[in-house]
Amino acid sequence: MRPVSSLASTSSTTRPSGARKICIKPLARKPALPANFEAETWAMLSSAVDAVHQKQPVPHSLEQLYRVVEDMCLQNLGPGVYTRLQDKCESHIRQSLDKLLGQTPDTLAFLTLMHACWTSHCEEMHTLRSVFLYLDRTYVRQTGKKSLWEMGLQIFRVHLTERPEIGVKARQGLLLLIEKERQGDQVERSLLHEVLRMLHDLGMYAAQFERHFLEATSNFYTAEAASKLQSIDVPAYLAHVKTRLLQEEQRVEHYLVSSTRKPLLHEVRQTLLAAHIDVILEKGFTQLIEATRLAELTTLYSLLAMVDALPKLRVCFAEYIKRVGAAMVADVEKERTLVQELLQFKEKLDLVLSRAFCANEQFSHSLKEAFEQFINIKQNRPAELVAAFLDSKLRVGNKGSSEEELEEILDKTMTIFRYIDGKDMFEAFYKKGLSKRLLLGKSASIDAEKSMISKLKAECGSGFTSKLEGMFKDVELSRDVMASFRDSPQAQQISPDVELSVHVLTQGYWPTYPPVEVRLPQEILELQEIFSSYYMSKHSGRRLQWYPSLGHCQLKAAFPKGKKELAVSLMQTMVLLLFNSADGMGFNEILQGTGIDEKELKVVMQSLACGKVRVLRKEPKGRDVADEDQFFFDDEFKHQLFRIKINSIQMRETEQENEQTTERVFQDRQYQIDAAIVRIMKARKALSHTLLLSELFTQLKFPLKAQDLKKRIESLIDREYLERDPAQAAGYRYLA
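How each quantity is defined
- Residues numbered from 1 in each chain as written.
- Predicted model: local features only at pLDDT ≥ 70, side-chain atom pairs only at ≥ 80, totals over all residues.
- Heavy atoms only, no water.
- Helix = DSSP H or I, 4+ residues; strand = E, 2+ residues; numbered from the N terminus.
- Rg over C-alpha atoms; globule rule 2.2 N^0.38 Å.
- Buried < 20%, exposed > 50% of the residue type's maximum accessible area, 1.4 Å probe, protein only.
- Contact = heavy atoms within 4.5 Å.
- Lys, Arg positive; Asp, Glu negative; His and termini not counted.
- Charge placed at Lys NZ, Arg CZ, Asp CG, Glu CD.
- Core = buried A, V, L, I, M, F, W, Y, C linked by side-chain atoms within 4.5 Å.
- Polar contact = N/O pair within 3.5 Å; in protein donor to acceptor, adjacent residues only side chain to side chain.
- Axes fitted to C-alpha atoms, helices over the stretch in contact; angles between N-to-C directions.
- Parallel < 35°, antiparallel > 145°, perpendicular 65-115°, else oblique.
- Left-handed = near helix turned anticlockwise from the far one by under 90°.
- Nonpolar A, V, L, I, M, F, W, Y, C, P; charged D, E, K, R; others polar.
- Pairing = 2+ DSSP bridges.
- pLDDT = per-residue confidence, 0-100.
- Phe/Tyr/Trp six-rings, centres within 6.5 Å; stacked < 30°, edge-to-face > 60°.
- Lys NZ or Arg CZ within 6 Å of the ring centre and 35° of its normal.
- Salt bridge = Lys/Arg side-chain N within 4 Å of Asp/Glu carboxyl O.

Trainee: How would you explain the overall build of the chain if you had to name every residue and give the values?
Mentor: Per the secondary structure count, the chain includes 29 helices and 9 strands. Relative to the compact-globule value of 27 Å for 736 residues, the chain shows a C-alpha radius of gyration of 51 Å, a clear excess of over 25%. Taking all 736 residues of the chain together, the buried fraction comes to 44%. Across the chain, every contact between residues at least 6 apart in sequence was considered, and the portion connecting residues at least 24 apart equals 69%. When the 100 positive and 98 negative side-chain charges of the chain are each reduced to one mean point, those points stand 7 Å apart.

Here it is as structure tokens:
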């Protein structure tokens, strides 16, 4: 390999021979301007300014004028040019505004002249700025003086302010035109826009126009509101207010300055709405909500929201609910349809709340409070009626309702149930109806029954529904008992033509039924004995108590005109079986033969001889049953159906039964009050009377009166559970 060698080269720069150095040297003396330069130059610019002001052709080109201005600025003559131009513009503007003084009284004509003056000024200032552009961009910026455009505005504003006649006349014209437009006339909006834009550009809009405009707006709409409220109804007035607000919005868009929008709409709302809230609600709210006029109610809600008047609307809404609801609850004649009417009322209010009142949570709360107040005016009756309504819907014979519709009805009824204070009263009457539906096979749907129990459990807890659930368990266990009985030797003693079904119930779960002493037919007594022997063989130590008032039978009847199957109660069965041995009997004979209570027997005889299905004939004829009446087997009876149901009288609630149920609830409440007092006092040891009552009102969920609580406290003192506290006059101590 050849060795690699590195070479280093150096270079040197040498000035070429003969080159010369160029140097720039200042002039020995500054060139002098011609003596008449400033005067001649300004004369040229002055003639151009005059030509612009007089709307005549400019004698020089704009480029030439621009160069002249540039030369003067470069020679530090800018201040003089700016001042002279300002003087020329001020003189011209003064003359232009003076021409407007004493002009035509015609509003439209004067505003047209005003607009022409302003338009001319703007065009002139634009042209002059083009000529003096170099001055505007250099001298003005460097010294911080007003730009030529702003200078023109300042001069125009000062001289316009010095001539108040022009401003007042222009303002009056503007307000007059706007008032005419509000009254329905067509006006020249473009003219309004230009004049108002002029005031805005001059910075005079707020002081010279807006304040007076808002005052005129208030006066106009104050007078209009008073007139309209007298001449048209509330729905029409609300539509008018909505239209007016829209029109004012359009005025802002077309010719008013955007900053006016907020105070203008505020003024309109105050004069048309806020000042008349009470009158509007008093005259129109009830009319609107009773007719469910959702569109108008939506308008009312949205308008009142604009003036923060929703609290007043909410109070009016609640008062309407209380007034109508109280009238419904107080109407004794319509008690049978009360729950259905309440559901319809609630459905209407929910529709108004969701569609018109935007599902406002505060309105929803007011609705709930109003319902709770009026529905509990009669403390216990609504609970009883709700239970009766549910009984009618869950019982066989509720035609025209599918499972989905029934479920919807149950959900709606639960809403009414939530408003009721006396839920224990409801539970007592509901349990009574449920027992008859289960025992008499009158339930329309077991699934619906269980669904209702689930709803009650979710609402009130498992303690509320434990007995109701126990009733279902008894019914299911009874099916198993009967299945086992049919396979037992005792069942073989029963004739194949007879089918026996027995419900064995746990007494603590079911309503209390008074024992009824009657003379049962021998056939039924034998059946009872057979089942009792079977049951006691399986469950020694238990005691069976029979309740004939809850029994029902299917009887085979042979009439001369055909055989029939009669679905009747056990009481009706006892009466009909007597006619196997006699064609006719007197009322007293039947009374002796059955042992049924006289009052109850008369109702039973009415159902058999005076109802729609008359298997017995009564003499003399009539709707009422007397002690002297005679009853006969009806040989002429005929019916198109083979299986005939004769209404079971025990399905009808009597006033006495309802009173007994109510009395039992009151008795249970006393036990609950006593237990609550002892529980509280045991935990607190000593407590004042006021604090004890407060605790009781908090813990107990049914309606309470201080008088009733005082009686229970006195009772516990007598029974030595409590004693009066010697340390404080109105206090109690717990006795262990």
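Trainee: Tell me about the nonpolar core, and please be specific about residues and values.
Mentor: Proteins that are soluble and globular tend to have nonpolar side chains buried together. Counting residues in hydrophobic clusters, the biggest one holds 148 residues, and the most contacted among them are Phe-132, Phe-285, Phe-357 and Tyr-430. Setting aside anything within four residues of it in sequence, one finds Phe-357 in contact with Phe-285, Leu-297, Tyr-301, Leu-313, Phe-317, Val-352 and Phe-363.

Trainee: Tell me what's going on with the side chain of Thr-138, and back it up with residues and numbers.
Mentor: The topology assignment puts Thr-138 in the loop between α5 (133–137) and α6 (139–143). Since its relative accessible area comes to 18%, Thr-138 is described here as buried. Polar side-chain contacts of Thr-138 include one of 2.6 Å to the backbone oxygen of Tyr-134.

Trainee: Describe in detail the packing of helix α15 (residues 310–330) against helix α16 (residues 338–356), supporting the description with residues and values.
Mentor: In helix packing, the relevant descriptors are the interaxial angle and the interaxial distance, both defined with respect to the helix axes. For the pair α15 and α16, interaxial distance at closest approach is 11 Å and the crossing angle is 165°. It follows that α15 is roughly antiparallel to α16 by the angle criterion. Crossing geometry of α15 relative to α16 is assigned as right-handed. Across the interface between the two elements, Phe-317, Tyr-320, Ile-321, Val-324, Gly-325, Met-328 and Val-329 from α15 touch Leu-338, Glu-341, Leu-342, Phe-345, Lys-348 and Leu-349 from α16. Tallied by class, the residues present in the contact of α15 with α16 amount to 10 nonpolar, 1 polar and 2 charged.

Trainee: Outline the sheet that holds strand β1 (residues 552–559), listing residues and values.
Mentor: On the basis of which strands lie adjacent, the open sheet formed by 3 strands has the order β1-β2-β6 and mixed pairing. Strands at the two margins of the open sheet, each flanked by one partner only, are β1 and β6 (643–645). In this sheet, adjacent strand axes meet at a mean angle of 30° when their direction is disregarded. Relative to β6, strand β2 (residues 562–569) runs parallel, the two being bridged by 3 bridges.

Trainee: Outline the pairing of β2, supporting the account with residue identities and numerical values.
Mentor: Counting buried positions along β2 yields 6 of 8 residues, so the element is predominantly enclosed. Looking at chain direction, β1 and β2 are connected through 8 bridges and run antiparallel. Along β2, the bridge assignment pairs Lys-556 with Glu-565. Connecting β1 to the antiparallel partner β2 that follows it, the hairpin turn spans 2 residues.

Trainee: Outline the environment of Tyr-134, listing residues and values.
Mentor: Relative to the elements of secondary structure, Tyr-134 occurs in helix α5. Considered as a pair, Tyr-134 and Arg-67 are 67 residues apart in the sequence and their alpha carbons are 8.6 Å apart. Beyond its immediate chain neighbours, meaning those up to four positions away, Tyr-134 contacts Tyr-66, Val-69, Glu-70, Cys-73, Leu-74 and Tyr-139.

Trainee: Quick one: what's the story with the confidence of the model for the chain, residue by residue and with numbers?
Mentor: Overall, the predicted model of the chain reaches an average pLDDT of 86, with 93% of residues at or above 70. Mean pLDDT across the secondary structure elements of the chain bottoms out at helix α27 (residues 655–684), with 73, and peaks at helix α12 (residues 261–272), with 95. Note on residues 1–14: pLDDT under 50 across the span, and 0 contacts to partners over four residues away in sequence or across chains. Note on residues 649–653: pLDDT is under 50 here. Beyond four places in sequence and across chains, it has 19 contacts.

Trainee: Give a description of the sheet that holds strand β5 (residues 630–633) that names residues and reports values.
Mentor: Strands pair in a sheet through their backbones, by hydrogen bonds, and they do so in one of two ways: parallel or antiparallel. Overall, antiparallel pairing links the 3 strands, which are arranged β3-β5-β4 in an open sheet. At either end of the open sheet lies a strand with only one pairing partner, and these are β3 (584–586) and β4 (616–619). Between one strand axis and the next, the sheet turns through 25° on average, direction left out of account. Two elements, β4 and β5, share 4 bridges in a ladder whose sense is antiparallel. Bridge pairing in β5 places Lys-618 opposite Phe-631. Of the strands in this sheet, β3 and β5 are in contact with helix α25 (residues 587–594), which crosses β3 at around 90°.

Trainee: Summarise the packing of aromatic side chains; cite the residues concerned and give the values.
Mentor: Evaluated as defined, the whole model comprises 26 aromatic pairs. A centroid spacing of 5.2 Å and a plane angle of 80° characterise the contact between Trp-118 and Phe-156, whose relative ring orientation is edge-to-face. Separated by 38 residues along the polypeptide, Trp-118 in helix α4 (residues 107–131) and Phe-156 in helix α7 (residues 148–161) bring together distant segments of the chain. Taken as a pair, Trp-118 and Phe-156 share a single burial class, namely buried. Clustering of aromatic rings is evident, with ring pairs tying together Phe-285, Tyr-320, Phe-345, Phe-371, Phe-374 and Tyr-419. Directly above the ring of Phe-417 sits Lys-423, whose terminal nitrogen or CZ lies 5.2 Å from the centroid. The residue whose ring lies beneath Arg-437 is Tyr-430, and the NZ or CZ to ring-centre distance is 5.4 Å.

Trainee: Give a detailed account of the pattern of salt bridges, specifying residues and quantitative values.
Mentor: This model, assessed by the stated rule, comprises 42 salt bridges. With a shortest N-O distance of 3.8 Å, Arg-163 and Glu-162 are connected by a salt bridge. A salt bridge links Arg-244 to Glu-224; its shortest N-O distance comes to 2.5 Å. Note that Arg-244 is positioned in helix α11 (residues 234–254) and Glu-224 in helix α10 (residues 205–231), a separation of 20 residues in sequence.

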